[in-house]
Amino acid sequence: MIWLTWRQFRGQALVAVAVLAALATYLVVLGLRIRTAYEVNVDCAGCSVEAAKDVFESAYFTPLLLTGFLVVLVPGIVGAFWGAPLLAREFETGTHRLVWNQSVSRTRWLAVKLGLVTLAGVILTGALSLLLTWAASPYDKLFDGRFDPLLFPTRNIAPLGYAVFAVVAGVTVGLLVRRTVPAMAILLAGFVLLQILMPTLVRPHLQPAVTERVAWTAANAKGLLINGAGEVWTEEVAVPGAWVLTSGPQMLDAAGNPASQEQIESCPRAEPSAHMACIETKGFQMTLSYQPADRYWTFQWLEVGIYLLLAGLLAGFVFWRIPRGLN
Amino acid sequence: MTPVLRTDALGKRYGRRQALTDVTLSVPAGRVVGLVGPNGAGKSTLLNLASGMIAPTTGTIEVLGSRPAANPAQLARVGFVAQDTPVYPGLSVGDHLRLGARLNPGWDDGLAQQRVSQVGLDPTQKAGRLSGGQRAQLALTLAAAKRPQLMIFDEPVAALDPLARRAFLQSLMEFVAELEVSVLLSSHLLGDLERVCDHLIVLAASRTQLAGDVEDLLAAHYRLVAARGDLDPPPPGIEVIQATHTARQTTLIVRDTTGTLPDRLPAAEHLDLEEMVLAYLGRAAEPAGTANAVQPLEVSR
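Residues numbered from 1 in each chain as written. Chains lettered and ligands numbered in written order. Predicted model: local features only at pLDDT ≥ 70, side-chain atom pairs only at ≥ 80, totals over all residues.

A.B. asks: Tell me what's going on with the sheet that holds strand 1 (residues 5–14) of chain B, and back it up with residues and numbers.
C.D. replies: Residues and elements named next belong to chain B. Taken in spatial order, the three strands line up as 2-1-4 in an open sheet, and their pairing is antiparallel. Each edge of the sheet is formed by a strand with only one pairing partner; in this case those strands are strand 2 (17–27) and strand 4 (58–63). The mean inter-strand angle of the sheet, taken between neighbouring strand axes irrespective of direction, is 25 degrees. In this structure, strand 1 lies alongside strand 2, joined through seven bridges in antiparallel fashion. Of the residues in strand 2, the one forming a bridge with Tyr14 is Arg17. (Pairing = 2+ DSSP bridges. Helix = DSSP H or I, 4+ residues; strand = E, 2+ residues; numbered from the N terminus. Axes fitted to C-alpha atoms, helices over the stretch in contact; angles between N-to-C directions.)

A.B. asks: Tell me about the nonpolar core, and please be specific about residues and values.
C.D. replies: One finds Ala50, Ile152, Leu184 and Val202 of chain B to be the most contacted residues of the largest nonpolar core, which totals 87 residues. Among the elements that make up this core, the one with the highest residue count is helix 5 (residues 132–145) of chain B (eight residues). Beyond its immediate stretch of four places on either side in the chain, Ile152 of chain B contacts Leu47, Ala50, Ser51, Val78, Phe80 and Leu184 of chain B. Judged by nonpolar contacts, the second largest core, of 73 residues, contains Met1, Leu131 and Phe165 of chain A together with Leu99 of chain B. (Core = buried A, V, L, I, M, F, W, Y, C linked by C-beta atoms within 7 Å. Buried ≥ 20, exposed ≤ 12 C-beta atoms within 10 Å, placed from the backbone. Contact = placed C-beta atoms within 7 Å.)

A.B. asks: Before we move on, could you go through the sheet that holds strand 3 (residues 32–36) of chain B and cite the residues and values that matter?
C.D. replies: All names here are of chain B. Spatial strand order, 5-6-7-3-8-9: six strands in an open sheet with mixed pairing. Across the chains shown, the open sheet's two edge strands, defined by having one partner strand only, are strand 5 (78–81) and strand 9 (207–213). Strand after strand, the sheet turns through a mean of 15 degrees between neighbouring axes, direction not considered. Strand direction decides the pairing type here: strand 6 (residues 150–153) and strand 7 (residues 182–187), joined by four bridges, are parallel. In the strand pairing of strand 7, Met151 is matched with Val183. This element, helix 5, spans strand 5 and strand 6 of the sheet and lies at about 170 degrees to strand 5.

A.B. asks: Now, about the interface of chain A and chain B: what can you tell me, with residues and values included?
C.D. replies: The extent of an interface is frequently quoted as the accessible surface area lost upon association of the parts. In this complex, chain A contributes 19 residues to the contact, which on the side of chain B involves 27 residues. The class makeup of the residues in the side of chain A that touches chain B is seven nonpolar, nine polar and three charged. (Nonpolar A, V, L, I, M, F, W, Y, C, P; charged D, E, K, R; others polar.)

A.B. asks: Before we move on, could you go through the pairing of strand 5 of chain B and cite the residues and values that matter?
C.D. replies: Residue and element names in this part refer to chain B. Residues Val78 and Phe80 point to one face of strand 5 and Gly79 and Val81 to the other, with burial holding for every one of them. Sheet topology note: the strand 5/strand 6 ladder contains four bridges and is parallel. Across the sheet, Val81 pairs through a bridge with Phe153, a residue of strand 6.

A.B. asks: Report on the UniProt feature "domain: ABC transporter" (unreviewed entry) in chain B, specifying residues and quantitative values.
C.D. replies: Residues given the UniProt feature "domain: ABC transporter" (unreviewed entry) here are residues 5–230 of chain B. Taken end to end, residues 5–230 of chain B is 35% helix and 29% strand, and its two terminal C-alpha atoms sit 42 Å from one another. (UniProt positions renumbered as here; feature names shortened; annotations may be inferred.)

A.B. asks: Kindly report on the domain arrangement of chain A, identifying the contributing residues and their values.
C.D. replies: As assigned here, chain A comprises domain 1 (2–206 + 296–324) and domain 2 (210–295). Of the residues in the side of domain 1 of chain A that touches domain 2 of chain A, the class split is four nonpolar, one polar and two charged. (Domains from an automatic or database assignment.)

A.B. asks: Please set out the packing of helix 2 (residues 49–93) of chain A against helix 5 (residues 158–177) of chain A residue by residue, giving values where relevant.
C.D. replies: For any two helices packed against each other, the geometry is given by the interaxial angle and the distance between the axes. All names here are of chain A. Between helix 2 and helix 5, whose axes approach to 7 Å, the crossing angle comes to 30 degrees. Relative to helix 5, helix 2 is oriented roughly parallel. Classified by chirality, the crossing of helix 5 by helix 2 is right-handed. (Parallel < 35°, antiparallel > 145°, perpendicular 65-115°, else oblique. Left-handed = near helix turned anticlockwise from the far one by under 90°.)

A.B. asks: Tell me about the UniProt feature "transmembrane region" (unreviewed entry) in chain A, and please be specific about residues and values.
C.D. replies: Residue and element names in this part refer to chain A. In the numbering used here, UniProt assigns the "transmembrane region" (unreviewed entry) feature to residues 12–32, 64–88, 109–137, 157–177, 184–202 and 304–322. Regarding residues 184–202, the helix share stands at 100% and the strand share at 0%, and the terminal C-alpha atoms are separated by 25 Å. End C-alpha atoms of residues 304–322 are separated by 26 Å, and the span's content is 95% helix alongside 0% strand.

A.B. asks: Could you give me a rundown of the domain arrangement of chain B, with the residues and numbers involved?
C.D. replies: All names here are of chain B. Split by domain assignment, chain B resolves into domain 1 (5–204) and domain 2 (220–297). Here the C-alpha centroids of domain 1 and domain 2 sit 35 Å apart. In this assembly, six residues from domain 1 lie in contact with six residues from domain 2. Where the side of domain 1 that touches domain 2 is concerned, the elements lending two or more residues are helix 7 (190–194) and strand 8 (199–204). Per-class residue counts for the side of domain 1 that touches domain 2 are five nonpolar, no polar and one charged.

A.B. asks: A description of the environment of Phe152 of chain A should follow, citing residues and the corresponding values.
C.D. replies: Residue and element names in this part refer to chain A. Turning to its location among the elements, Phe152 is positioned in the loop between helix 4 (106–143) and helix 5. The spatial distance from the C-alpha of Phe152 to the C-alpha of Phe61 is 15 Å, given a sequence separation of 91 residues. If we skip the residues at most four places from it in the chain, Phe152 touches Arg146, Phe147 and Ala158.

A.B. asks: Describe the packing of helix 5 of chain B against helix 6 (residues 162–179) of chain B, listing the residues and the values that go with them.
C.D. replies: Residues and elements named next belong to chain B. Two numbers describe how helix 5 lies on helix 6: the axes approach to 9 Å, and their chain directions differ by 10 degrees. Classified by the interaxial angle, the pair formed by helix 5 and helix 6 is roughly parallel. Where helix 5 crosses over helix 6, the handedness of that crossing is right-handed. Contacts between helix 5 and helix 6 involve Gly132, Gly133, Ala136, Gln137, Leu140 and Ala144 on the former and, on the latter, Ala164, Ala167, Phe168, Ser171, Leu172, Phe175 and Leu179. In the contact of helix 5 with helix 6, the residues fall into nine nonpolar, four polar and no charged.

A.B. asks: Could you give me a rundown of helix 9 (residues 296–321) of chain A, with the residues and numbers involved?
C.D. replies: Residues and elements named next belong to chain A. Here helix 9 is 26 residues long and its end C-alpha atoms lie 38 Å apart, about the 38 Å a rise of 1.5 Å per residue gives. Of all the positions in helix 9, only Gln300, Glu303, Tyr307, Ala311 and Ala315 are classed as buried. In this structure, the buried side of helix 9 is in contact with helix 4 and helix 5. (Expected span 1.5 Å × (residues − 1).)

A.B. asks: Outline the pairing of strand 5 (residues 285–291) of chain A, supporting the account with residue identities and numerical values.
C.D. replies: Two faces belong to every sheet, and in a regular strand the side chains alternate between them. Residues and elements named next belong to chain A. Here strand 1 (residues 210–215) runs beside strand 5; their pairing, made up of six bridges, is antiparallel. Paired with Ala215 across the strands is Gln285, a residue of strand 5. Where strand 4 (residues 243–244) meets strand 5, two bridges bridge the pair, whose relative direction is antiparallel. Across the sheet, residue Val244 finds its bridge partner in strand 5, namely Tyr290.

Encoded structure:
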């Protein structure tokens, strides 16, 4: 059975190895460059972290973001091109009627095929995730932003959960639809949808967020906005290493009432940093809700666990369904 | 000896469509069984049930004494070639033989190699590029080389040209003689089966119409021709399968249930296989509830 699986899969496996080799080369080069840049801009006496951030952001934000997207996309591609056709193509060409009549039980046939292809998907995705995590680690350390929804699914172990889920989901869709191309399309659409729903609707609530009132400082807020009604809102708040769920909270004065335009304008207009420093002295506050930095690994494991659980349920269905024949 | 196929009140339903109804059969071992019937009669359904590709809705089916496809040992005892003889288009002929060797503990590689060279298949050729006849030969080789006790073929020759059809049936009969295997094969054309079968099952409108050894069946069926009215009512001890009338004459196709018909009616003639099967198919095609009535079959000339 292993021989047959390999014989049917080897073409795709070779393509995957070629793609992996190319991407790995790129990521290693990228990682080495980032390390050099880190030594030059950050690990030096008297270097300004702010200036280093500017250098890093302009040079590496885009490559890291795009390779990050790739790491999330690879499980989807694996699910669509390896998972979905695994059963669907057999049904489409009728070859399941050939292979199911060899002296091998359908359960074993399915277990070997599903097992090997899932393993290949995990290895491919895992290698990419590992390489990207390594390449980006100085950048991530500098910005302390790995909890960010754009980075979280592209680093460490989360992509492994996506890979297992995508392959098993592809196989399940292939079993239900029994046609290769529609199964691939449905799998991709479903996978993308899940990757949008997860960070927006599910992940923020995996653990109760910490909600607290914190002082407004020039360091944690990027700036402020005053709307037509004279209300003042903070622009982008950052808590080191944490995932801030409140996008731009309203500014409150020292007494806890909404801050007014007049209170802000009591600071004289000056060059930006002096203006911000003045505002900081007025004791403004804001209510923030966030997932603290020390929960990062809990969330990684929860993410993997959820996707593995979903994959397990789908696999259970497939293993229940296949021995019963196609009626 | 265990029957190769035994079914009891077997039924299969696809959604609202009843594909097979109340089929009760017992096929003894060592036969070449022909399963005939028009398209949509339920032949594929019965064979797919026998190979365990699908599960019955009602009733039971046993193949060689066990539930079909119950375990690898049972799978090894049955060789099934599905309709349209599926093969992996991307794998070569040699790959298919390796597949057979890896997945079947009882694989007879000598037999497989010999058959492949005998029918002139190139082991390096991709199976997707084989002609229909070559593909059927490859599928037959795969099914035979696992050395099963029963080989099942679903419409093996339907898509083949007359030459390939003859070659395939020839190969099949060689296997039967060589391997002492029981065979169950279906066709919607009786002509394909007539020469090779010694047991017949006629399936129409999802039910069995007739089943038995060909010799016994032929011995029990007669044509009675008489002046109109002379056979009304028909003599006792016979079952009228089909009746046709002209203005003066009545022709009955009957089944003798007593074994004494020739003594009582010396004019009774034997039928050939095709006439007999057509009579049953004709009866099955009539509206329900009128099968044994004489009038609705009346043909005015």
